[in-house]
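Each chain, written out:
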Amino acid sequence: WVRVDGAPALDEWLLVHAPSRTLVVTDFLFHFPDHPQWFTRTYLKLSKALGRPAQTMLTRSYLKDRAAVLATCDRILALDWDRLVVTHGEVLESGGKQALADAVAWMRRS
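As the structure is a computational prediction, the values presented were derived from the model and not from experiment.

K.L.:
Whenever I open this one, helix H4 (residues 96–109) confuses me. Can you help?
P.N.:
Since there are 3.6 residues in each turn of an α-helix, residues three or four apart along the chain are aligned in direction. Relative to the 20 Å expected for 14 residues at 1.5 Å per residue, H4 spans 21 Å between its end C-alpha atoms, a close match to the ideal helical length. Tucked inside the fold, the buried residues of H4 contact strand E3 (22–25), helix H2 (57–62), helix H3 (66–77) and strand E4 (83–86).

Spelled out as C-alpha cells, the structure:
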C-alpha cells in the first residue's frame, strides 16, 4: 500500500499486488473508454478523461501539493506492475505504467 501524498482530502491509497503485477486505484484515476450516459460522458470529455486513464476535474482539485503527488507516482512507477485496475471504469490489462505516467504528465508541465 502506498498513500498518495499531497492530496489529503482525497485520502487515496494505491495497492500494488505483486503476484499479479497489478496496481489498484480507487479515486486517483478513472478509465472510461466511453460512457453511455451523456452527462457523465460530457463531464469526462471536459475533464480530458474520456478514452484514457486520467484524473477528472474534481480529482485534480484535490491535488494540493503536486510535487508530493508526483513523488508518490514516481515511487509507484519504480515498482514492477503492468495491469491497472480502477474502481471507476474499465481495467487496463497491460500498459498500466505508461498510462499512469501519461495521466500525471500534466503536473510535470504545469
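K.L.:
Would you mind showing me how to read the pairing of E3 here?
P.N.:
On a regular strand, each side chain points to the face opposite its neighbour's, so the side chains alternate between the two faces of the sheet. Direction of pairing for strand E2 (residues 13–17) relative to E3: antiparallel, over a ladder of three bridges. What sits directly across from leucine 15, in E3, is valine 24. With antiparallel pairing between neighbouring strands as the criterion, E2 and E3 make up a hairpin whose turn holds four residues, including arginine 21 at a positive phi of roughly 50°. Taken together, the four bridges between E3 and E4 define a ladder with parallel strand orientation. Paired with valine 24 across the two strands is valine 85, which belongs to E4.

K.L.:
Please clarify how the sheet that holds E2 should be interpreted in this entry.
P.N.:
Hydrogen bonds between backbone groups are what pair the strands of a sheet, and the pairing can be parallel or antiparallel. Taken in spatial order, the four strands line up as E1-E2-E3-E4 in an open sheet, and their pairing is mixed. Because the sheet does not close on itself, it has two edges, and the strands there are strand E1 (2–3) and E4.

K.L.:
Mind showing me how you'd approach the nonpolar core here?
P.N.:
Proteins that are soluble and globular tend to have nonpolar side chains buried together. The biggest cluster of nonpolar side chains holds 25 residues, and the ones touching the most others in it are Leu23, Val25, Phe28, Leu29, Leu63 and Leu100. The element best represented in this core is H4, accounting for six residues. Beyond its immediate sequence surroundings of up to four residues, leucine 29 is in contact with Pro53, Ala54, Gln55, Leu84, Val86, Leu100 and Ala103. Counting residues in hydrophobic clusters, the runner-up holds five residues, among them Phe30, Phe32, Ala49 and Ala54.

K.L.:
Just to check I follow, could you spell out the side chain of histidine 35 for this structure?
P.N.:
Here histidine 35 shows up in the loop between E3 and helix H1 (38–46). Polar side-chain contacts of histidine 35 include one of 3.2 Å to the backbone nitrogen of glutamine 37. When residues no more than four places from it in sequence are discounted, the contact partners of histidine 35 are Thr40, Arg41, Leu44 and Leu50.

K.L.:
Where do I start with H3 in this structure?
P.N.:
A rise of 1.5 Å per residue sets the reference length of H3, with its twelve residues, at 16 Å; its end C-alpha atoms lie 16 Å apart and thus fit the reference within 8%. The set of residues buried in H3 consists of Ala68, Val69, Leu70, Thr72, Cys73, Ile76 and Leu77. With a side-chain oxygen positioned 3.3 Å from the backbone nitrogen of alanine 67, the residue opening H3 is aspartate 65.

Cut-offs and rules
Residues numbered from 1 in each chain as written. Predicted model: local features only at pLDDT ≥ 70, side-chain atom pairs only at ≥ 80, totals over all residues. Heavy atoms only, no water. Helix = DSSP H or I, 4+ residues; strand = E, 2+ residues; numbered from the N terminus. Expected span 1.5 Å × (residues − 1). Contact = heavy atoms within 4.5 Å. Pairing = 2+ DSSP bridges. Core = buried A, V, L, I, M, F, W, Y, C linked by side-chain atoms within 4.5 Å. Buried < 20%, exposed > 50% of the residue type's maximum accessible area, 1.4 Å probe, protein only. Polar contact = N/O pair within 3.5 Å; in protein donor to acceptor, adjacent residues only side chain to side chain.

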